[in-house]
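# Geometric and topological summary
Residues per chain, in single letters:
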Amino acid sequence: MLYLSWIEADFKESQMEGWKAIKIEPLSTITHAVQSAICWVAREYEEAVSMGKLAIDLDANSYLGYKMTALAYIGMDKIHEAIEMIQQTLRVSRRFQWSMYDLMWGIQSSWR
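Residues numbered from 1 in each chain as written. Predicted model: local features only at pLDDT ≥ 70, side-chain atom pairs only at ≥ 80, totals over all residues. Heavy atoms only, no water.

Within the protein chain, the regular secondary structure consists of 7 helices and 0 strands. The linear arrangement of helices and strands in the protein chain, starting from the amino end, is α-α-α-α-α-α-α. The buried share among the 112 residues of the protein chain stands at 43%. Considering only intrachain contacts with a sequence separation of at least 6, the fraction spanning at least 24 residues in the protein chain is 51%. Accessible surface computed for the protein chain: about 6600 Å², of which carbon and sulfur atoms make up 57%. (Helix = DSSP H or I, 4+ residues; strand = E, 2+ residues; numbered from the N terminus. Buried < 20%, exposed > 50% of the residue type's maximum accessible area, 1.4 Å probe, protein only. Contact = heavy atoms within 4.5 Å. Areas by Shrake-Rupley, 256 points an atom, 1.4 Å probe, with all protein chains shown as cover.)

This is how it looks when you write it as structure tokens:
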């Protein structure tokens, strides 16, 4: 799925594959988080937020769910919401270095 969206830039096909995965595993955090990533790459930020929040609802410790929701919020210029999500990735990951970079990106984005 990610190959189709990130390498082939075939967003429609990758999203269809993502929905198939969600249909097979409707309670899987990772399928929703990956669908959020696919939507983010396609710049469908509202859908990315929706899928990311579903991943978080399924698992409150979903690093990828919080991360993709944060990146989508940055794409929507909702910086304060993004920073809140990034703070959750820091909590979940015990201050993983990529989350620190995301936090810096979010704060820098607020300066525009």
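A few words on the confidence of the model for the protein chain. Residues at a pLDDT of 70 or more form 86% of the protein chain, whose mean pLDDT is 86. The weakest mean pLDDT in the protein chain belongs to helix α1 (residues 2-7) at 61; the strongest belongs to helix α4 (residues 45-58) at 97. (pLDDT = per-residue confidence, 0-100.)

Turning our eyes to something else, we now look at the nonpolar core. Counting residues in each nonpolar core, the largest one holds 19 residues, and the members touching the most others are Tyr73, Ile74, Met85, Ile86 and Leu103. Elements that contribute at least two residues to this core include exactly α3 (29-41), α4, α5 (63-75) and α6 (79-93). A total of 7 residues in this core trace back to one element, the largest contributor, which is α5. Each residue touching tyrosine 73, except ones within four places of it in the same chain, is listed here: Val49, Lys53, Lys78, Glu81, Ala82 and Met85. (Core = buried A, V, L, I, M, F, W, Y, C linked by side-chain atoms within 4.5 Å.)

In this section: the packing of α5 against α6. Remark: α5 packs on α6, axes separated minimally by 8 Å, with the N-to-C direction vectors making an angle of 160°. Between α5 and α6, the interaxial angle falls into the category roughly antiparallel. Note on packing geometry: the crossing formed by α5 with α6 is left-handed. Counted together, Tyr63, Tyr66, Lys67, Thr69, Ala70, Tyr73 and Ile74 of α5 and Ile79, Glu81, Ala82, Met85, Ile86, Gln88, Thr89, Arg91, Val92 and Ser93 of α6 form the full contact between these two elements. A per-class count over the contact of α5 with α6 returns 10 nonpolar, 4 polar and 3 charged. (Axes fitted to C-alpha atoms, helices over the stretch in contact; angles between N-to-C directions. Parallel < 35°, antiparallel > 145°, perpendicular 65-115°, else oblique. Left-handed = near helix turned anticlockwise from the far one by under 90°. Nonpolar A, V, L, I, M, F, W, Y, C, P; charged D, E, K, R; others polar.)

As a further point, take unusual backbone geometry. Phi at arginine 43 is positive, roughly 65°, even though this residue is not glycine. You can see arginine 43 is positioned in the loop between α3 and α4. Given a relative accessible area of 65%, arginine 43 falls into the exposed group. Unlike most non-glycine residues, aspartate 77 shows phi in positive territory, near 60°. Its place among the elements puts aspartate 77 in the loop between α5 and α6.

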